[in-house]
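An overview of the molecular structure
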Amino acid sequence: MRLAEIDDVASLAKLIWREHHTKFITDAQIEYMLSGKYTLEDLQPFIGASDRWFDVLRVDSVICGFLRCIQTSSHQLKLSEVYISRAQRGRGLGGLLLARAESLAKDIGCKSIFLYVNRRNDVPIAAYKRAGFASKGEQVFDIGGGFVMEDFLMEKLLHEA
């Protein structure tokens, strides 16, 4: 990601969140969670870092998706976000971003990738399962503002080539 792309990423992210997440969390919670995300302060630490990545996906030079992940230990990578614009879904691009995360994890010697996903977010849950992730339990996070996230913890074990 480049600094010049932050505004475009923020616009895409907000559009995706508002069109997709309303199926399982309130508009108020979406706006609360978006506050402070996809800003210069939020994304600048990813630029040029060796332990965190924010990759932008383009189709025909237009930003249509992104991936955010962070190395949380010497053996684990946390997949924080995988988003694809509605117009580009169903074309295998989410799988491409998941493969990118797996490649990053293997390159830095991680043994697994983990993520949290809302328990009612059925389409991504199914996609993660198809990609080899397994449910490892449930978690409830108090995110402040009177809101909680009710998530599944999912993990994919990586095998050495």
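This next bit is on the nonpolar core. Ranked by internal contacts, the top residues of the largest apolar core, which has 26 residues, are Leu77, Leu79, Ile113, Tyr128 and Phe133. Elements supplying a minimum of two residues to this core: β1 (52-59), β2 (62-73), β3 (76-84), α4 (93-107), β4 (112-118), α5 (122-130) and β6 (147-157). With six residues, the top contributor of residues to this core is α4. With near-sequence residues (within four places) excluded, leucine 77 lies in contact with Trp53, Cys69, Ile70, Gln71, Ala101, Ala105, Ile108, Cys110, Ser112, Ile113 and Phe114. Core analysis: the next-biggest nonpolar cluster, separate from the first, contains 21 residues, Ile6, Val9, Trp17 and Tyr38 among them.

Turning next to the packing of aromatic side chains. Applying the stated criterion to the full structure yields nine aromatic pairs. Judged by centre distance (5.7 Å) and plane angle (65°), the rings of tyrosine 38 and phenylalanine 66 are edge-to-face. Of the two residues, tyrosine 38 is situated in the loop between α2 (27-34) and α3 (40-43) and phenylalanine 66 in strand β2; the sequence distance between them amounts to 28 residues. The pair formed by tyrosine 38 and phenylalanine 66 is uniform in burial state, with each residue classed as buried. Here the aromatic rings of phenylalanine 66 and tyrosine 83 are separated by 5.4 Å at their centres, their planes lie at 50°, and the arrangement is tilted. One end of the pair, phenylalanine 66, is in strand β2; the other, tyrosine 83, is in strand β3, with 17 residues separating them in the sequence. Each member of the pair phenylalanine 66 and tyrosine 83 is classed as buried. Pairwise contacts between aromatic rings join Trp17, Tyr38, Phe46, Phe54, Phe66 and Tyr83 into one cluster. Taking NZ or CZ as reference, arginine 52 lies 5.7 Å from the ring centre of phenylalanine 46, over its face.

In this section: the packing of helix α1 (residues 6-20) against α2. When two helices pack together, their arrangement is given by the angle between their axes and by how far apart the axes lie. The contact between α1 and α2 brings their axes to 10 Å, and the two run at 160°. In terms of orientation, α1 lies roughly antiparallel with respect to α2. Handedness of the α1/α2 crossing: right-handed. On α2, the residues touching Lys14, Trp17 and Arg18 of α1 are Ile30, Glu31, Met33 and Leu34. Residues that form the contact of α1 with α2 fall into these classes: four nonpolar, no polar and three charged.

Moving on to the side chain of glutamine 88. With respect to the helices, strands and loops of the structure, glutamine 88 is situated in the loop between β3 and α4. Excluding anything up to four places from it in sequence, glutamine 88 contacts Val59, Cys64 and Leu93.

Another point: the pattern of salt bridges. Scanning all chains against the criterion turns up 14 salt bridges. Between glutamate 5 and arginine 2 there is a salt bridge; the shortest N-O distance is 3.2 Å. Of the residues examined, glutamate 5 reaches a relative accessible area of 5% and is grouped as buried. Relative accessible area serves as the criterion here: at 52%, arginine 2 is assigned to the exposed category. The salt bridge involving aspartate 51 is made with arginine 52; its shortest N-O contact spans 3.2 Å. Taking the relative accessible area as the measure of exposure, aspartate 51 reaches 28% and is therefore partly exposed. Here the salt bridges share partners, and the residues they tie into one network are Lys37, Asp42, Arg68 and Glu81.

Along α2, the residues that are buried comprise Gln29, Ile30, Met33 and Leu34. Axial view of α2: buried residues confined to an arc of 130°, hence all on one face. Among the residues trailing α2, glycine 36 stands out with phi positive, at a value near 85°.

Cut-off values and rules
Residues numbered from 1 in each chain as written. Predicted model: local features only at pLDDT ≥ 70, side-chain atom pairs only at ≥ 80, totals over all residues. Heavy atoms only, no water. Core = buried A, V, L, I, M, F, W, Y, C linked by side-chain atoms within 4.5 Å. Buried < 20%, exposed > 50% of the residue type's maximum accessible area, 1.4 Å probe, protein only. Helix = DSSP H or I, 4+ residues; strand = E, 2+ residues; numbered from the N terminus. Contact = heavy atoms within 4.5 Å. Phe/Tyr/Trp six-rings, centres within 6.5 Å; stacked < 30°, edge-to-face > 60°. Lys NZ or Arg CZ within 6 Å of the ring centre and 35° of its normal. Axes fitted to C-alpha atoms, helices over the stretch in contact; angles between N-to-C directions. Parallel < 35°, antiparallel > 145°, perpendicular 65-115°, else oblique. Left-handed = near helix turned anticlockwise from the far one by under 90°. Nonpolar A, V, L, I, M, F, W, Y, C, P; charged D, E, K, R; others polar. Salt bridge = Lys/Arg side-chain N within 4 Å of Asp/Glu carboxyl O. Arc of directions from axis to C-beta.

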